[in-house]
Amino acid sequence: MKSIEKLIRPNMLNLKPYRSARDEFKGEASVYLDANENPFNLNTLNRYPDPLQKILKMKISEIKNISVDNIFIGNGSDEAIDLLFRIFCEPYQDNVIICPPTYGMYEVSANINAVEILNVPLNKDFQLDIDKILSVQNINTKLLFLCSPNNPTANNLENIAFLFKHFKGIMVIDEAYIDFSNQTSFIQQISKNPRVVVLQTLSKAWGLAGARVGLAFANPTIIEQFNRVKPPYNISLVNQQVTLEKLSKIDIYQNQVNEIVNQREWLSLQFLAFSWVKKIYPSQANFLFIEVENAYKIYDFLLNQGIIIRNRHTVMTNHLRITVGTTEENQKLIKTLKHF
Ligand SMILES: *Cc1c(COP(=O)(O)O)cnc(C)c1O
């Protein structure tokens with residue numbers, strides 16, 4: 001894929017990746033003396049895991065209806081984000097576009113990788129400023145981060161597809177909250193748009209934040225680069241097994257998502273009744289973004305009652321982000337706030 005290769009760092013194209021013992025030998029054998037493992041199998045963890053997580057990818061392929069060749073699994077989406085910088089962005093030379101207020105890791109990862117950030121803030125409706133994005137991009141612009149539904153503003157971004165034709169770099173669409181949204185995933189668009197990378201995660205709707213499993217869906221040329229750059233055994237055997245088990249229980253996942261969405265709507269209604277709430281933004285995610293009279297006062301009040309929410313005052317004045325919990329947790333939150 002020439003159009004993609006032009007965007008990849010030359011040292012990555014020339015990289016001779018580490019070849020693990022499990023890359024060199026892929027078949028079945030009765031005696032494994034190739035990887036300096038401990039031969040005593042007391043806990044089933046004495047062997048290195050599959051570096052390409054093939055069985056897990058087959059399951060994800062089935063659920064997401066996309067080819068295994070289009071899937072990368074990272075140690076959380078945060079690993080995928082970092083690898084995107086390492087694949088595409090030359091330190092001290094290239095730049096990326098970020099549309100704040102949005103997820104903080106894009107900026108941190110850019111800074112870690114010494115990559116310049118071009119900020120194009122969302123407009124007052126928290127939508128993309130398309131003209132500005134297209135006018136600030138230059139020959140060194142490699143990545144554009146689009147978070148939809150967006151964290152912390154909770155809305156879907158419109159007009160993403162318009163950029164497919166007009167933005168020249170890699171478009172990274174972060175769909176961490178897609179399971180709670182009425183928006184259609186862009187996963188099925190990657191075959192027609194080789195410069196689109198879709199990120200999803202099992203940390204939110206699938207309830208696996210502790211396992212660290214992030215997914216990137218992209219053109220096979222980009223997936224190949226991910227596989228060349230990543231640490232060989234980036235997903236542990238324990239995490240692969242736990243994830244496989246969880247993914248086999250789709251009905252539990254679906255019921256939980258439905259319940260969270262119902263609870264989100266219930267919580268919104270409850271917040272409407274509080275006089276100190278200035279605005280509740282419509283949410284397509286598993287959290288509410290609200291504007292209040294004094295964010296610190298609410299935050300501290302709840303903290304004292306043992307309830308932790310996210311104070312986003314430093315991102316947007318007097319704004320709070322509140323995750324939707326279980327029915328009991330949400331009722332406790334509202335009951336507590338009635339005493340504020
Ligand atoms: C929570 C979140 C992620 C998930 O990150 P993981 O490393 O997969 O846990 C990614 N993007 C956004 C916008 C998020 O809010």
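Right above here is the structure, for reference.
Residues numbered from 1 in each chain as written. Predicted model: local features only at pLDDT ≥ 70, side-chain atom pairs only at ≥ 80, totals over all residues. Heavy atoms only, no water.

**Some thoughts on the sheet that holds strand 10 (residues 310-311)**
Phase 1: Taken together, the four strands give an open sheet; going across it, the order is 8-9-11-10, and neighbouring strands pair in antiparallel fashion. The open sheet has two free edges, formed respectively by strand 8 (277-280) and strand 10, since each of these has just one partner strand.
Phase 2: The sheet contact formed by strand 10 and strand 11 (residues 319-323) spans two bridges and is antiparallel. Pairing of Arg310 across the sheet is with Arg321, part of strand 11. (Pairing = 2+ DSSP bridges. Helix = DSSP H or I, 4+ residues; strand = E, 2+ residues; numbered from the N terminus.)

**Re the site of the ligand**
Phase 1: Residues in contact with the ligand amount to 14 residues; listed here are only the nearest, Tyr177, Thr201, Ser203, Lys204 and Arg212.
Phase 2: Between Asp78 and the ligand, the recorded distance is 3.2 Å, taken from a backbone N or O atom to an oxygen atom.
Phase 3: Asn151 has a polar side-chain atom sitting 2.9 Å from an oxygen atom of the ligand.
Phase 4: Per-class residue counts for the shell around the ligand are five nonpolar, five polar and four charged. (Near = heavy atom within 4 Å. Polar contact = N/O pair within 3.5 Å; in protein donor to acceptor, adjacent residues only side chain to side chain. Nonpolar A, V, L, I, M, F, W, Y, C, P; charged D, E, K, R; others polar.)

**Re the packing of helix 5 (residues 77-88) against helix 6 (residues 105-112)**
Phase 1: Viewed as axis vectors pointing N to C, helix 5 and helix 6 meet at an angle of 45 degrees, and their least axial separation amounts to 9 Å. If you check the angle between helix 5 and helix 6, you find them oblique. Read as a crossing pair, helix 5 and helix 6 show a hand that is right-handed. Residue-level inspection shows Asp78, Ile81, Asp82 and Phe85 of helix 5 in contact with helix 6, the latter providing Met105, Tyr106, Ser109 and Ala110.
Phase 2: Here the residues of the contact of helix 5 with helix 6 sort into five nonpolar, one polar and two charged. (Axes fitted to C-alpha atoms, helices over the stretch in contact; angles between N-to-C directions. Parallel < 35°, antiparallel > 145°, perpendicular 65-115°, else oblique. Left-handed = near helix turned anticlockwise from the far one by under 90°. Contact = heavy atoms within 4.5 Å.)

**Some remarks on a nonpolar patch on the surface**
Phase 1: There is a patch of nonpolar side chains on the surface, built from Leu45, Val238 and Val242 and spanning about 210 Å² of accessible area.
Phase 2: Counting through the fold element by element, Val238 comes out in helix 10 (residues 237-247).
Phase 3: Overall, the relative accessible area of 38% leaves Val238 in the partly exposed class. (Patch = residues over 30% accessible without salt bridge, like charges linked within 9 Å, V, L, I, M, F, W, Y side chains within 5 Å. Areas by Shrake-Rupley, 256 points an atom, 1.4 Å probe, with all protein chains shown as cover. Salt bridge = Lys/Arg side-chain N within 4 Å of Asp/Glu carboxyl O. Buried < 20%, exposed > 50% of the residue type's maximum accessible area, 1.4 Å probe, protein only.)

**Some points on the pairing of strand 3 (residues 116-119)**
Phase 1: Of the pairings in the sheet, the one linking strand 2 (residues 95-98) to strand 3 comprises four bridges and is parallel in character. By the bridge assignment for strand 3, Ile97 is matched with Leu118.

**Brief notes about the nonpolar core**
Phase 1: Membership of the largest hydrophobic core comes to 48 residues, with the highest contact counts inside it found for Leu128, Ile133, Leu144, Leu146, Leu163 and Phe217.
Phase 2: When residues no more than four places from it in sequence are discounted, the contact partners of Leu146 are Leu128, Leu157, Ile160, Leu163, Met171, Val172, Ile173 and Asp174.
Phase 3: In terms of nonpolar packing, the next biggest core, distinct from the first, is built from 31 residues, Leu7, Ile8, Met12 and Val115 among them. (Core = buried A, V, L, I, M, F, W, Y, C linked by side-chain atoms within 4.5 Å.)

**Some details on the sheet that holds strand 1 (residues 71-74)**
Phase 1: Spatial strand order, 1-7-6-5-4-2-3: seven strands in an open sheet with mixed pairing. For this open sheet the edge positions go to strand 1 and strand 3, each flanked by a neighbour on one side alone. Going across the sheet, the axis of each strand differs from the next one's by a mean of 25 degrees, ignoring polarity.
Phase 2: In the sheet, strand 2 pairs with strand 4 (residues 141-147) via four bridges, with the strands oriented parallel. Across the sheet, the residue bridging to Ile97 is Leu144, located in strand 4.
Phase 3: Contacts from helix 4 (residues 54-64) reach strand 1, strand 6 (196-201) and strand 7 (214-217) within the one sheet, and its direction differs from that of strand 1 by about 120 degrees.
Phase 4: Helix 9 (residues 220-229) contacts strand 1, strand 5 (170-174), strand 6 and strand 7 of the sheet and is inclined by roughly 30 degrees relative to strand 1.

**Some details on the pattern of salt bridges**
As a working rule, side chains carrying opposite charge can pair if their charged atoms are close by.
Phase 1: If you walk through the whole model with that rule in mind, you get 12 salt bridges.
Phase 2: The partner of Lys59 in a salt bridge is Glu62, with the nearest N and O atoms 3.4 Å apart. A residue pair is termed a helical-turn pair when its members lie 3 or 4 positions apart in one helix, as Lys59 and Glu62 do in helix 4 at three residues.
Phase 3: When the shortest N-O distance is used, the salt bridge between Asp82 and Arg86 registers 2.9 Å. Within this pair, Asp82 and its partner Arg86 are both found in helix 5, separated by four residues, close to a single helical turn.
Phase 4: Looking at Asp82, the relative accessible area reads 16%, which means it is buried.
Phase 5: Through salt bridges with shared partners, one network takes in Arg22, Asp34, Glu37 and Arg47.

Nothing here speaks to function; it is geometry throughout.
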